[in-house]
Amino acid sequence: MSEHIRLKKGLDIPLAGAAPAKIAETVAPDLVAIKPTDFKALVPKLAVKEGDAVKAGDALFVDKMCPSISFCSPVSGVVQAVVRGDKRKLLAVVVKADKEQQSVKHNAVDLAKMDRKAVVDLLLERGLWPMIKQRPYGIVANPELTPKSIFVSAMATAPLAPDPDFVMEGQMEYLQAGIDALGRLTNGGVHFSLNAAKAAGSAMSSLKGVIPHTFSGPHPAGNVGVQINHISPINKGEIVWTVDLVSLAAIGRCIATGTYDMSRVVAVTGPAAENPVCIKAVQGMSLASIAKYAKKGNVRFISGDVLTGENVGADGYLGFFDNQVTLLEEGDYYEMLGWIKPFRLKKFSFSHLYWSWLAGKKKTYKLDTNTNGGPRAFVVSDVYGKVLPMDIYPVYLLKACLAKDIEKMENLGIYEVIPEDFALCEFVCPSKIEIQKILSDGIDLMLKEMM
Amino acid sequence: MKPTFSKGGKLSALGSFFDAMETFFFVPKTVTARGTHIKDSVDLKRTMITVMIALIPVFLFSIYNIGYQMNLAYGLGWGFWTMVWKGFLKILPLYLVSYIVGLFFECMFAQIKGEEVNEGYFVTGFLIPLIVPVTIPLWMLAIAVAFAVVIGKEVFGGTGMNIWNPALLCRAFLFFSYPKMMSGDAVWIAHKAGYDAVSCATPLSEMASGNLHYSAMDMFVGLIPGSVGETSTLCILLGAILLIWTGVASWKIMLSCVAGGLLVGLLGDVPAYYQLIMGGFAFGCVFMATDPVTSCQTETGKWIYGFLIGAFAVLLRLFNPGYPEGMMLAILLMNTFAPLIDHLVVGANVRRRLRRAKTA
């Protein structure tokens, strides 16, 4: 029997530019990149050099600490560039795609006859392992550990995120194969959370071998971290794994068909999208191939959503886990006496200091990247709790992170959160504090001290 | 113009002041760098200006009441606009001193620390003249403001880091350093050149001596002697409505503070609700106790904190023969203990987490 959990705290930011649930076209990008920076605390080791030919599913780089984890090319082609930053840090491996796509062929397997170790080896060998994340910390899972349980959220509440039911159309058999594989990795079962409002009509509600849950409420109710906090919170010493829905389908597809196929539906959204669309594309595609969907002018290209995505630039690449591009106008303008103007009806605020809370839920706003104020110390400290539906005191945890006090961070719940869970706190913060950065640094400190 | 004030420019010593003026007149064009790409439209300036708007009814009433009390005490037969004008002339120097001295130190410390000037002082500076007697000598006020800004706030690291409400600390400084200018019966009516100073007891001192002659209506509307802005519960209530409507101040603190005051008020000789409309109770409850920095920051803590402020304030009024008023000391006391209350509330969360880990 599925358990229903209703969350009240949170905020659905009414951002303009949602993409209609219809595939406009299939985009075959010329360039594709896989970025080690999409993985927290990963130390990569290159497996190819410029000019090498690769097939889809061939490793581009591996985890230096655990070389059996490989990060594969989503397309076949030629390695065009190895991009490095300061101190020769590896930033991206860029592959120029062939006209005719080829992928590494794997044999069909029968999961029922495999033991846990065989399933782990299968996922490692086929390059599917990086899609499994570990909590605490939000890092790539360690194949030598067994998690308490595995969590999958099939509920998307982030601003303008594409509808999971639409994105997963026709993928049920792959999702099922993915769940079957994950189910072998843990004794605690695979927790699968659906949006309560859509669960009844969703094909995903008939998936087998899961512990089903339904959630309702505003963002971040769809965040897997929030769901874990309500289903079975992480205690010190425990680990759980999480897999996002798109990756789960990719894992299942590779197991069921033997093909490393990282194609996915990508939503091109945001107020600076000329006309928001959904397209069929591939992991790591270059955003230059969708430039035609952006408005002219100073536009920011974000891989992911506006709260947690990365500003990759018009010539950047889609992130490893992302199935959404958000286009925003840069807000680099002055506004005379803006803070004192009584109306400012085009501005959105979670607080009642503007009028947007009276405008109804249908109205959408063309928000830009202006910070709407300068950085300050923590002053109004009760606002964060209103958008964080977890049993955690955000300001105290953040101050422990700033003070680098590991014991306090542990006590206050650092194991249960990753920056995306605090993203809304950062959005509503009147002091414009970089909350996700503080938390991320805190987690880095934990990793350094604990590993 | 900007480069002159930037680092290395001719006037770089005034850089913070320039920044403050620039961000005062223009919302800066800074864009998000990392983290969320969009930000809520609200900032501290918007928050602070809302508190100031909430204070406007009190401010306007104070101007009138100063003139009204003078007229009444000296029997001058002034008309309405004369009373307003005379009141304005009395309150203006208080504001000039408060803002000039306060902002001077704010800018100085912002420059030393290389930060933007914080807008917190807009509110503090607006509050200070409202909580002192109108007859306070300006040099005393200047010293007290300097003390509140430097010792009360900047030494702790500025707005957001202070332990005590700076405006109240300013009042406490005056109260203990110059008690004769802050209490008694002679300080509440603005002086008029050529006349002797007039004595006039406030409701609180009348209550202490046992013969309260003001009606509840007088005290609610506020045409009574007292510190500049504290007298009109009606105008304070208007401000409270705005603060609660916009969510700037915590209704939990206000409600529990009133509850605490009423409960202890039952022990007194006068009706308990008199405690809410006399002296600085209403003003402190709405504008001082709810300061987000110095109050409790956990929601449970706010209930406890507010309740204890109300209770202690009335307890001091009723059972301490030394001071007729207790609101200021009650708030400062609870400011001191707010971190402790929060610590206990957060501690419960920590214990819950540890217990969960043990049973798992």
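Note that the structure is predicted; figures quoted are calculated from it, not measured.

### What to know about the interface of chain B and chain A
When the parts come together, some accessible area is lost, and that loss is often what is quoted as the size of the interface.
Move 1: Facing the 56 residues of chain B at the interface are 76 residues of chain A.
Move 2: Interface area for chain B against chain A, summed over the two sides, is near 5900 Å², with a carbon-plus-sulfur share of 55%.
Move 3: Applying the counting criterion to the chain B and chain A interface returns 5 salt bridges.
Move 4: Ionic pairing is found between Glu416 of chain A and Arg353 of chain B, a salt bridge with its closest N-O pair at 2.8 Å.
Move 5: Connecting chain B to chain A are 24 residue pairs in polar contact (both at pLDDT 80 or more).
Move 6: Mapped onto the side of chain B that touches chain A, the elements with two or more residues apiece are helix H2 (15-25), strand E1 (26-27), helix H3 (44-74), helix H11 (233-246), helix H15 (299-319) and helix H16 (327-359) of chain B.
Move 7: Broken down by element, the residue count for the side of chain B that touches chain A peaks at 10 residues, all from H16 of chain B.
Move 8: Across the side of chain B that touches chain A, the residue classes break down as 24 nonpolar, 16 polar and 16 charged.

### Some thoughts on the nonpolar core
Move 1: Grouped together as the largest cluster of nonpolar side chains are 97 residues, with contacts concentrated most on Leu174, Leu243, Phe283, Phe287 and Tyr305 of chain B.
Move 2: Sort the elements by how many residues they give to this core and H3 of chain B lands first, with 14 residues.
Move 3: Once you skip the residues sitting within four places of it in the chain, Leu174 of chain B turns out to touch Val132, Ile136, Met140, Leu141, Ala144, Pro179 and Met182 of chain B.
Move 4: Counting 88 residues, the second-largest nonpolar core is a separate cluster that includes Leu124, Leu128, Val210 and Ala273 of chain A.

### Quick notes on the environment of Pro419 of chain A
Move 1: By secondary structure assignment, the location of Pro419 of chain A is in the loop between helix H7 (406-412) and helix H8 (423-428).
Move 2: Sequence separation between Pro419 of chain A and Leu445 of chain A is 26 residues; the distance between their C-alpha atoms is 14 Å.

### What about the sheet that holds strand E5 (residues 53-54) of chain A?
Residues and elements named next belong to chain A.
Move 1: Spatially, E3-E9-E8-E5 is the arrangement adopted by the 4 strands of the open sheet, whose pairing is antiparallel. Edge positions in the sheet fall to strand E3 (31-34) and E5, since each of these pairs with one other strand and no more.
Move 2: Where E3 meets strand E9 (residues 90-97), 4 bridges bridge the pair, whose relative direction is antiparallel. When the bridges of E9 are listed, Val32 appears paired with Val95.

### Regarding the packing of aromatic side chains
Move 1: For the structure shown, the criterion picks out 31 aromatic pairs over all chains.
Move 2: Pairing Tyr99 of chain B with Tyr121 of chain B gives two aromatic rings, centres 6.1 Å apart and planes at 85°, and the pair type is edge-to-face. Placement of Tyr99 of chain B in helix H4 (residues 80-113) and of Tyr121 of chain B in helix H5 (residues 120-127) is noted, with a sequence separation of 22 residues between them.
Move 3: On the accessibility criterion, Tyr121 of chain B (1% relative accessible area) is buried.
Move 4: Aromatic pair Phe104 of chain B and Phe105 of chain B: ring centres 5.2 Å apart, planes at 80°, arrangement edge-to-face.
Move 5: Site record: aromatic cluster; members linked through ring pairs are Phe39, Phe61, Phe71, Phe320 and Phe321 of chain A.
Move 6: The positively charged end of Lys133 of chain A is found above the aromatic ring belonging to Phe321 of chain A, 4.6 Å away from the centroid.
Move 7: For Arg46 of chain B, the ring lying beneath its charged end belongs to Tyr354 of chain A, and the centroid distance is 3.9 Å.

The rules behind these values
Residues numbered from 1 in each chain as written. Chains lettered and ligands numbered in written order. Predicted model: local features only at pLDDT ≥ 70, side-chain atom pairs only at ≥ 80, totals over all residues. Heavy atoms only, no water. Contact = heavy atoms within 4.5 Å. Buried area = accessible area lost by both parts, 1.4 Å probe. Salt bridge = Lys/Arg side-chain N within 4 Å of Asp/Glu carboxyl O. Polar contact = N/O pair within 3.5 Å; in protein donor to acceptor, adjacent residues only side chain to side chain. Helix = DSSP H or I, 4+ residues; strand = E, 2+ residues; numbered from the N terminus. Nonpolar A, V, L, I, M, F, W, Y, C, P; charged D, E, K, R; others polar. Core = buried A, V, L, I, M, F, W, Y, C linked by side-chain atoms within 4.5 Å. Buried < 20%, exposed > 50% of the residue type's maximum accessible area, 1.4 Å probe, protein only. Pairing = 2+ DSSP bridges. Phe/Tyr/Trp six-rings, centres within 6.5 Å; stacked < 30°, edge-to-face > 60°. Lys NZ or Arg CZ within 6 Å of the ring centre and 35° of its normal.

From the geometry alone we can't say anything about function, so treat these as descriptive.
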